[in-house]
Amino acid sequence: MCGIVGLFLKDKSLEPQLGALLSEMLVTMTDRGPDSAGIAIYGAGAKGQGKITVQSAAAEEDFKGLDAELGKKIGAKVSATIKSTHAVLDVPADKIGEARAAIAELRPNVRIMGAGEAIEIYKEVGLPVEVVKRFDVTKMSGSHGIGHTRMATESAVTTLGAHPFSTGPDQCLVHNGSLSNHNNLRRELIRDGMRFETENDTEVAAAYLSSKIAHGQNLGEALESSLNDLDGFFTFVVGTKNGFGVVRDPISCKPAVMAETDQYVAFGSEYRALANLPGIEEARVWEPEPSTVYFWEH
């Protein structure tokens, strides 16, 4: 039992409130998963610039001078914004791949949470209220975001095991459920060139979608494919640079509710996660259908 939330803004005037709205939604879901929590925020980046969110258990040591060393290594200007155990490194967009490799060389103990032109990911062990406070999520603005509070069933309670999982540029996924064929899929994806940092089944689901997209499918097509290729019980909420997607398995035993107005599309594991959103009284509210892909894009 985990808690998922997601918010896709249509109305740009709400963008300064994204972090606050999403944080409140996530905290409301605390009793669905007290082990760890995380949020992905998609914000407007500078043209030609990319972001790499990194995490370290020894942040003070690992982040000291990292921006200067990384900039020297890749031959470009790098700046860092440090938030507790995480840092967001701003690099030229065309240097993201090179920078990722350089980070692994310069700081072997630093882990990359996500990378792209818009995405920032913050996740840690602890209650949602502690996680959003730790990273000042309520002050963040953006166009859309997803969040997760976890009750671990398949793997250890660690920062790396927390959701969201990001396995492709500006892509991330949160999951409520359990996949029964994740070990077989992991082996197939490794042969296809994907790399894994955990034993978590959700990381396999994220990598599956990234692989499908890398082979030419769009997110909607990749989500449709997942209904045939993934076994188990699952509700996925997925973010991309411009989009927001939801899919549930054919049985759909995991709870889910959605709401849509002229201002936003929202997802919650339970309606109470949506209850304080602006204009919710006038929203179209429904339970997403089994084996049905829902997708919105800016």
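Note: the structure precedes this text.
Residues numbered from 1 in each chain as written. Predicted model: local features only at pLDDT ≥ 70, side-chain atom pairs only at ≥ 80, totals over all residues. Heavy atoms only, no water.

1. Comments concerning the packing of aromatic side chains
The geometry of an aromatic ring pair is captured by the separation of the ring centres together with the interplanar angle, meaning the angle of the planes.
Next up, step 1: Per the counting criterion, the structure on display carries 6 aromatic pairs.
Next up, step 2: Ring centres of Phe-8 and Phe-244 lie 6.1 Å apart, and the angle between their planes is 25°; on these two criteria the pair is classed as stacked. Residue Phe-8 is found in strand S1 (residues 3-9), and its partner Phe-244 is found in strand S12 (residues 243-248); the two are separated by 236 residues along the sequence. Considered together, Phe-8 and Phe-244 belong to a single accessibility category, that of buried residues.
Next up, step 3: Plain terms: the ring middles of Phe-244 and Trp-296 are 6.3 Å apart, the flat faces sit at 45° to each other, and that makes the pair tilted. Remark: Trp-296 occurs in strand S16 (residues 294-297) and Phe-244 occurs in strand S12; sequence separation between them is 52 residues.
Next up, step 4: For Phe-244, a relative accessible area of 0% puts it in the buried group.
Next up, step 5: You can call Trp-296 buried: its relative accessible area is 16%.
Next up, step 6: Ring-pair connections join several aromatic residues into one group, and the members of that group are Phe-8, Phe-244, Trp-286, Tyr-294 and Trp-296.
Next up, step 7: Taking the ring centre of Trp-286 as reference, the NZ or CZ of Arg-284 above it sits at 3.8 Å. (Phe/Tyr/Trp six-rings, centres within 6.5 Å; stacked < 30°, edge-to-face > 60°. Helix = DSSP H or I, 4+ residues; strand = E, 2+ residues; numbered from the N terminus. Buried < 20%, exposed > 50% of the residue type's maximum accessible area, 1.4 Å probe, protein only. Lys NZ or Arg CZ within 6 Å of the ring centre and 35° of its normal.)

2. Some details on the sheet that holds strand S15 (residues 284-286)
Next up, step 1: Pairing is antiparallel across the open sheet formed by 7 strands, whose spatial order is S7-S2-S8-S1-S14-S13-S15. Since the sheet does not close on itself, it has two edges, and those belong to strand S7 (119-125) and S15, each with one partner. Between one strand and the next, the sheet's axes are offset by a mean angle of 10°, whatever the strand orientation.
Next up, step 2: Sheet analysis places S1 next to strand S8 (residues 144-150), joined by 6 bridges and oriented antiparallel. Each residue of the ladder has a partner; that of Gly-6, found in S8, is Ile-146. (Pairing = 2+ DSSP bridges. Axes fitted to C-alpha atoms, helices over the stretch in contact; angles between N-to-C directions.)

3. Brief notes about the nonpolar core
Next up, step 1: Within the largest apolar cluster, 29 residues are counted, with the highest numbers of intra-cluster contacts made by Leu-7, Met-25, Tyr-264, Leu-274 and Leu-277.
Next up, step 2: Mapped by element, the contributors of at least two residues to this core are S1, helix H1 (18-28), strand S2 (36-42), helix H5 (128-134), strand S13 (257-260) and strand S14 (264-268).
Next up, step 3: Counting residues per element, this core draws most heavily on H1, which supplies 5 residues.
Next up, step 4: Ranked by size, the runner-up nonpolar core spans 22 residues in total, among them Met-194, Ala-205, Phe-236 and Val-247. (Core = buried A, V, L, I, M, F, W, Y, C linked by side-chain atoms within 4.5 Å.)

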